[in-house]
Amino acid sequence: MFALSSCGGGDDSDEPDVPGGTPVENPTQPVADPDDTVLVNLLNNDDQFIYMGEAELRMNSSNNLVARRGEIISVGEVAGLGNIQAYPTSGFSTQAACLPGNGYVIRHRNYDQVSWYRIYVTEFMESMAGGIMGCTLKYVSMPDNPIVPNTYLVNITKNSFGEIHLQYPTSFAIDHAKSNLDYIEIWCGQTTSWGLDYQSIYYSVIGGYEDNGEDRKLVLKNSVSEVEIIFRSEPEENQ
């Protein structure tokens, strides 16, 4: 089992470099594997899986790749892992047919992070009897986009709840050491009464919250950016 993580410093660029377009860049032109690429063998049974961060990937007896803790999409035939550059926005499922030479993107959500990974299947593994017993694949995290929320200031009251939407899909995590979220619950891309959105952070002010004159803050980070979102008590005359 393997795990990858992506977190780091800031990006002061005024014009962020945002991967865009179709998920595949020049699919027939070989591109070098990204740094930190992991190569593994995966058997087609329920007893073996690989961890990509907290995302779990299996290959079942029907030779489908199964995202047990996330969602997966095939991006079709590609020359290699490095050709998968941009984020698909629709068409995800819990499983996809495992085909050598094809690329995939998997996304995973947790209460304090959202993670994206790209996968490339190099070949099937054959048993002594000649049947398919698994596959060999490569995986690595997707290239991070900058974290750009639709707001950096949220006015709250004792019963506030709502959503902060990110402009670009990307992996991100809460920096708990830098955040101050007293009496504020946060879900990153979780299933809630508002639905499911991997580009959103949901918040809810819980019982016991009092305006002590101090702002609360949420710090989000990935390998290319770090942002601070302020939660500020709304004046009583506006509540």
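Before reading further, recall that the structure is shown in the block above.
The sections below set out a description of the structure shown in this document. These figures come from a predicted structure and were not determined experimentally.

**A closer look at the environment of isoleucine 174**
Phase 1 of the analysis: Tracing the backbone shows isoleucine 174 in strand β12 (residues 172–174).
Phase 2 of the analysis: Residues isoleucine 174 and leucine 220, spaced 46 residues apart in sequence, show a C-alpha to C-alpha distance of 4.7 Å.
Phase 3 of the analysis: Not counting the four nearest positions on each side in its chain, isoleucine 174 is found in contact with Tyr111, Asp112, Ser179, Ile186, Cys188, Leu218, Val219 and Leu220.

**Focus on the side chain of asparagine 64**
Phase 1 of the analysis: With respect to the helices and strands, asparagine 64 occurs in strand β4 (residues 64–67).
Phase 2 of the analysis: A relative accessible area of 18% means that asparagine 64 is categorised as buried.
Phase 3 of the analysis: In this structure the side chain of asparagine 64 is engaged in a polar contact, spanning 2.9 Å, whose partner is the side chain of glutamine 95.
Phase 4 of the analysis: In this structure asparagine 64 touches Arg58, Met59, Gln95, Ala96, Ala97 and Cys98, once residues within four positions along its chain are discounted.

**Section: the packing of aromatic side chains**
Phase 1 of the analysis: Tallied over the full model, the rule gives 5 aromatic pairs.
Phase 2 of the analysis: Ring centres of phenylalanine 92 and tryptophan 116 lie 5.9 Å apart, and the angle between their planes is 80°; on these two criteria the pair is classed as edge-to-face. Separated by 24 residues along the polypeptide, phenylalanine 92 in the loop between β5 (71–77) and β6 (95–97) and tryptophan 116 in strand β8 (residues 113–126) bring together distant segments of the chain. Like phenylalanine 92, the residue tryptophan 116 is buried in the burial classification.

**Here's the deal with the nonpolar core**
Phase 1 of the analysis: Judged by nonpolar contacts, the single largest core of 34 residues is most densely connected at Ile186, Ile201, Leu218, Leu220 and Phe231.
Phase 2 of the analysis: Leucine 218 has contacts with Ile174, Ser179, Leu181, Ile186, Ile201, Val227, Glu228, Ile229 and Phe231, leaving out every residue within four places of it along the chain.
Phase 3 of the analysis: Within the second largest apolar cluster, 21 residues are counted, among which are Ile72, Ile119, Leu137 and Tyr139.

**Re the pairing of β4**
Phase 1 of the analysis: Alternating positions in β4 separate into two faces, Asn64 and Val66 on one and Leu65 and Ala67 on the other, with burial throughout.
Phase 2 of the analysis: The turn linking strand β3 (residues 55–59) back onto β4 is made up of 4 residues, and asparagine 63 within it adopts a positive phi angle of 65°.
Phase 3 of the analysis: Taken together, the 3 bridges between β4 and β6 define a ladder with antiparallel strand orientation. Directly across from valine 66, in β6, lies its bridge partner glutamine 95.

**Observations concerning the sheet that holds strand β13 (residues 184–188)**
Phase 1 of the analysis: Taken together, 3 strands build an open sheet; the order of strands is β11-β14-β13 and the sheet is antiparallel. In the strand order of this sheet, the two ends are held by β11 (161–165) and β13, each with one partner. In this sheet, neighbouring strand axes are inclined to one another by 20° on average, regardless of whether the strands run parallel or antiparallel.
Phase 2 of the analysis: Pairing between β11 and strand β14 (residues 200–205): 5 bridges, direction antiparallel. From the neighbouring strand, phenylalanine 161 faces β14, where its bridge partner is serine 204.

Reading the values: rules and limits
Residues numbered from 1 in each chain as written. Predicted model: local features only at pLDDT ≥ 70, side-chain atom pairs only at ≥ 80, totals over all residues. Heavy atoms only, no water. Helix = DSSP H or I, 4+ residues; strand = E, 2+ residues; numbered from the N terminus. Contact = heavy atoms within 4.5 Å. Buried < 20%, exposed > 50% of the residue type's maximum accessible area, 1.4 Å probe, protein only. Polar contact = N/O pair within 3.5 Å; in protein donor to acceptor, adjacent residues only side chain to side chain. Phe/Tyr/Trp six-rings, centres within 6.5 Å; stacked < 30°, edge-to-face > 60°. Core = buried A, V, L, I, M, F, W, Y, C linked by side-chain atoms within 4.5 Å. Pairing = 2+ DSSP bridges. Axes fitted to C-alpha atoms, helices over the stretch in contact; angles between N-to-C directions.

From the geometry alone we can't say anything about function, so treat these as descriptive.
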